[in-house]
Each structure stands twice: as C-alpha cells, then as structure tokens.
2 protein chains.
Amino acid sequence: MKINVMQDVLQANDRIAAENKQLFKKTNNLVLNLMSSPGAGKTSLLEKTAELLAGKLRLGVIVGDIETTRDADRISKYNIPSIQLTTGSACHLDANMVASALPHMELDKIDILVVENVGNLVCPAEFIVGEDYKVMILSVTEGDEKPLKYPMMFKESSLMIINKIDLLQYTNFNLEEAKANARKVHPGIDIIEISCTKGTGLDAWIAWLTEHHRKKAGGR
Amino acid sequence: MKINVMQDVLQANDRIAAENKQLFKKTNNLVLNLMSSPGAGKTSLLEKTAELLAGKLRLGVIVGDIETTRDADRISKYNIPSIQLTTGSACHLDANMVASALPHMELDKIDILVVENVGNLVCPAEFIVGEDYKVMILSVTEGDEKPLKYPMMFKESSLMIINKIDLLQYTNFNLEEAKANARKVHPGIDIIEISCTKGTGLDAWIAWLTEHHRKKAGGR
C-alpha cells in the first residue's frame, strides 16, 4: 500500500478552502492571496494600499509570518482590521490557518481581504486558502529569470507585480525579459510595474483592485 | 496512533546525510550547504568563487533548482565539476537528492564542494545533506529584519554573507541592525559583507573558505 501524504494533505486543504470561499461569498469579499520571496515588498504594498483605498474600499489583512508580529504591527498603524498568524515552522499558509482567523474578523465590514502569505516563492503556491486570485510580487533585485526557475508561482498567479522598479538602473534586470518569461509559463498573467518607495504605478494596482472588487461584488 | 510524518522524514534524511558525510570525510572535501531567498546571489557568488579559487583550491558544485538548468549552465562555464539536480516541485534539497549526485562526481579531485540549494529562506534550513557548514546569503534589498522573521535559517548557518552592499545607499537596510538581529538568533554567527558585482569583500569570503578547508583537511 502506498500512502500519498501530499495528496491527502492537499485534498483536506481544498475542502477547507471551499468552506472559506463560501464564507467570503456571503459577505462579498474580494480575497487575494499575496505571495513573494522574502523582502520583495508585500507589507510595503499593503501599507500603500491601505493609504490609497482609505475612504473608498474597506481593506482587511491576514498576515502570515513564521515568527514576529512585525508585519502586522506595520499594518495595524493604518487602522484596518488585521490578524497575525504565526506559523511557527510552516513555510506557507494553508486554508485551515486562514479559517482560524476568520471568526476574529467582521467580514461584512471588509471589501477586500488580503492574505499576506509567508515570504517564499515555492510552497505557498501549492495551497489555496479560499482566495479569488493569487497575486505575486517579483522585485527587480531578484532577477528576470525567476518565472522560469519557479514556474508554479507564476502559473498560479493572476497578477504579477514587478516591484522596486526604482532600483532597475542599479541591477541587470531586464524588464521585457521578465515579462516574456512570466508569459511563457502563464500567457494570460496580468503585469503591473510599481515602486512602493517612489509611488510609481500604484494607480494601476488600485485600478486592478477596484475593477476586480466590482466584478466580485457584482457577481461574476 | 499518531504518525509524525515530518519526524520520520527527518530521521531518514539524517541517516542518508551521515552516509554522505562519511564519503566526504574519505576525500577530505569541505562541504557547504549554500542557501538564500531567490535572487540573493548564490550563483553569482559561486561564479566569483570559481574565478578566485582557480589554481588554488579545487571547487565542485551541486546545483539544486526546481526547474531549468540556468544556474548549472552559468557554473559550467568555469570548467569546474558541477551537477544539476532538478527537484520538480520540491522546495529544498535533501540528503537523498545530494546522494544521487555523488556517484557522478570525482570527489577526490575536489577540495571544496558547494551544494547550492533551492532559493528559499525557509525549508532548506530543516534538511542536512551531509555538509560541514551551512552558509546563507542575505541581500540588502530583502530587509534587515529577516533574521527575526526567518530565524531557523540564521540559527543553522555558520556564516551569513550580506550581499549587494553596492545597493545599500538605495535601500533603507541598516547594516548594524541586520547584524544585531542575526546575532540575536545566533550569537556565534560569522558575518561577511560583499558585493558580487563590485567585488567588495570577496577576499574575506575566500579567506573564510581557505581557513575552513585547512581545518577540515587537517582533521578537526
């Protein structure tokens, strides 16, 4: 007898993710699973997003970290509902961890819920948590070949945000090559270039969020 | 009955790692397990290392990647023994994967064997592969708080290389804070600051390698 542990784990995860999704549907939350390598700028993007959405759409955040509450502390300054999940040694969030946060959030007071995953370009892409879309950030300091080397992350993500474009001139990152590589593994992927520190491109990101929230709230 | 899958996996891994270590001992190889986030500069460091060690110490490399042979292709230009391990979906190298490469390497013609792990700041730190030391790279674009957020990687590594210090002036990375954070989770960790693109600090890295090879070959 052969036990496929990974398959069992993923099936259990999918079941709980479907339950989460049902909950989100009732309250019309647009739910994003935000992923990237460590330090690509997930929390910085959320800080900017909280600023720019204030008074327009209500943001809520679930932050996953192996240890420390630093990211949640940064987010909480923006006076938005946020929950910290400390995973201990787990290298990704799964549907059950996200489910454990939901009773502590007033989902009917949230328009867009972002689940900020553990910084990891590999494992988080394998686990759905009940999201509508996966969004990933690639920073230009990581290199333009990353879509080919970590294809699952790019295949699974509906949107690739290329961050830190203010550093482009100091690196050998080729923007066109990066986009071509991402489209090689996922032809339909949306791509937005931003700089969180300079504010470049954030209007396109807010437009993406607004449009996808409208679709969700309007019923797809 | 409770089955601790992870514990069984790690025990099996430790057994194979010990066998690898026995092999390395016979041929006096200094073996390093090189880890970092995606794009922190593992392959660039190995390219520089191959250049600088040429004619002094014989370098060999085992490169782990989820997909593509790009890193191994880059390394092979330096005319050093190198093996590519393509992990498929595995987010780290384990002892068995490394063992599978060893029959294809002439270990007695190698002084320093570097196992370049999959780009991931989490999972690789949990699996020994038979190495003498774990070495990790943190790039300044990732942020100075990373040792607190991903402590296991820093606890397990004997040496932290801080890379891309040429980009320091364009980031809010605080070098002293990063070092203090690393020493908080691992007081005895060695730290070397480098820039692979500018060549800064590579002499200290080569000195570290030479010294640790001397210790190994002299019998610790």
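Bear in mind that the values here come from a model prediction, so they are computed numbers and not experimental data.

Colleague: Which residues make up the overall build of chain A, and what are the values?
Modeller: Each helix and strand counted, chain A has 8 helices and 7 strands in total. For chain A, whose C-alpha radius of gyration is 17 Å, the value lies close to the compact-globule estimate of 17 Å for 220 residues. Residue burial in chain A is summarised as follows: out of 220 residues, 59% are buried. Relative to all contacts within chain A whose residues are 6 or more apart in sequence, the contacts with residues 24 or more apart total 73%. Carbon and sulfur atoms make up 50% of the accessible area of chain A, which amounts to about 9300 Å² in all. Charge centroids of chain A, computed over 26 positive and 28 negative side chains, lie 3 Å from each other.

Colleague: Lay out helix α8 (residues 202–217) of chain A with the relevant residues and their values.
Modeller: Within an α-helix, residues lying three or four positions from one another point in the same direction, as the helix has 3.6 residues per turn. Residues and elements named next belong to chain A. The end-to-end C-alpha distance of α8, which contains 16 residues, comes to 22 Å, matching closely the 22 Å that a straight helix rising 1.5 Å per residue would cover. Buried within α8 we find Leu202, Trp205, Ile206, Trp208, Leu209, His212, His213 and Lys216. For α8, the arc enclosing every buried residue in end-on projection is 155°, short of the 170-degree limit, so these residues lie on one face. Opposite the buried face of α8, at more than 90 degrees from it, the exposed residues are Asp203 and Arg214.

Colleague: Break down the interface of chain B and chain A for me, citing the residues and quoting the values.
Modeller: Facing 30 residues of chain B, the contacting portion of chain A comprises 30 residues. Here chain B packs against chain A, burying approximately 2600 Å² in sum over the two surfaces, 59% of which is carbon and sulfur. Inspection of the region where chain B meets chain A yields 4 salt bridges. Among the salt bridges present, the one from Asp71 of chain A reaches Lys149 of chain B, with a minimum N-O distance of 2.8 Å. Where chain B touches chain A, the interface holds 7 residue pairs in polar contact (both at pLDDT 80 or more).

Colleague: Give me the sheet that holds strand β5 (residues 133–139) of chain A: which residues, what numbers.
Modeller: All names here are of chain A. Pairing within the open sheet is parallel, and its 7 strands lie in the order β3-β2-β4-β1-β5-β6-β7. Sheet topology places β3 (82–86) and β7 (190–193) at the edges, where each strand pairs with a single neighbour. Ignoring which end each strand starts from, the neighbouring axes of this sheet average 20° apart. Here helix α7 (residues 175–185) sits on the sheet in contact with β6 (159–163) and β7, set at roughly 160° to β6.

Colleague: Go over the pattern of salt bridges with me, naming the residues and quoting the values.
Modeller: The final tally for this structure, using the stated rule, is 26 salt bridges over all chains. Ionic pairing is found between Asp132 of chain A and Lys216 of chain A, a salt bridge with its closest N-O pair at 2.9 Å. Taken as a pair, Asp132 of chain A in the loop between β4 (112–116) and β5 and Lys216 of chain A in helix α8 lie far apart in primary sequence, 84 residues in all. In this structure, Glu156 of chain B and Lys134 of chain B form a salt bridge, with 3.9 Å as the shortest nitrogen-oxygen distance. A residue pair is termed long-range when its members are at least 10 positions apart, and Glu156 of chain B in helix α6 (residues 151–156) and Lys134 of chain B in strand β5 (residues 133–139) qualify at 22 residues. Within this structure, Asp65 and Asp71 of chain A together with Glu145, Lys146 and Lys149 of chain B form a network of salt bridges that share partners.

What counts as what
Residues numbered from 1 in each chain as written. Chains lettered and ligands numbered in written order. Predicted model: local features only at pLDDT ≥ 70, side-chain atom pairs only at ≥ 80, totals over all residues. Heavy atoms only, no water. Helix = DSSP H or I, 4+ residues; strand = E, 2+ residues; numbered from the N terminus. Rg over C-alpha atoms; globule rule 2.2 N^0.38 Å. Buried < 20%, exposed > 50% of the residue type's maximum accessible area, 1.4 Å probe, protein only. Contact = heavy atoms within 4.5 Å. Areas by Shrake-Rupley, 256 points an atom, 1.4 Å probe, with all protein chains shown as cover. Lys, Arg positive; Asp, Glu negative; His and termini not counted. Charge placed at Lys NZ, Arg CZ, Asp CG, Glu CD. Expected span 1.5 Å × (residues − 1). Arc of directions from axis to C-beta. Buried area = accessible area lost by both parts, 1.4 Å probe. Salt bridge = Lys/Arg side-chain N within 4 Å of Asp/Glu carboxyl O. Polar contact = N/O pair within 3.5 Å; in protein donor to acceptor, adjacent residues only side chain to side chain. Pairing = 2+ DSSP bridges. Axes fitted to C-alpha atoms, helices over the stretch in contact; angles between N-to-C directions.

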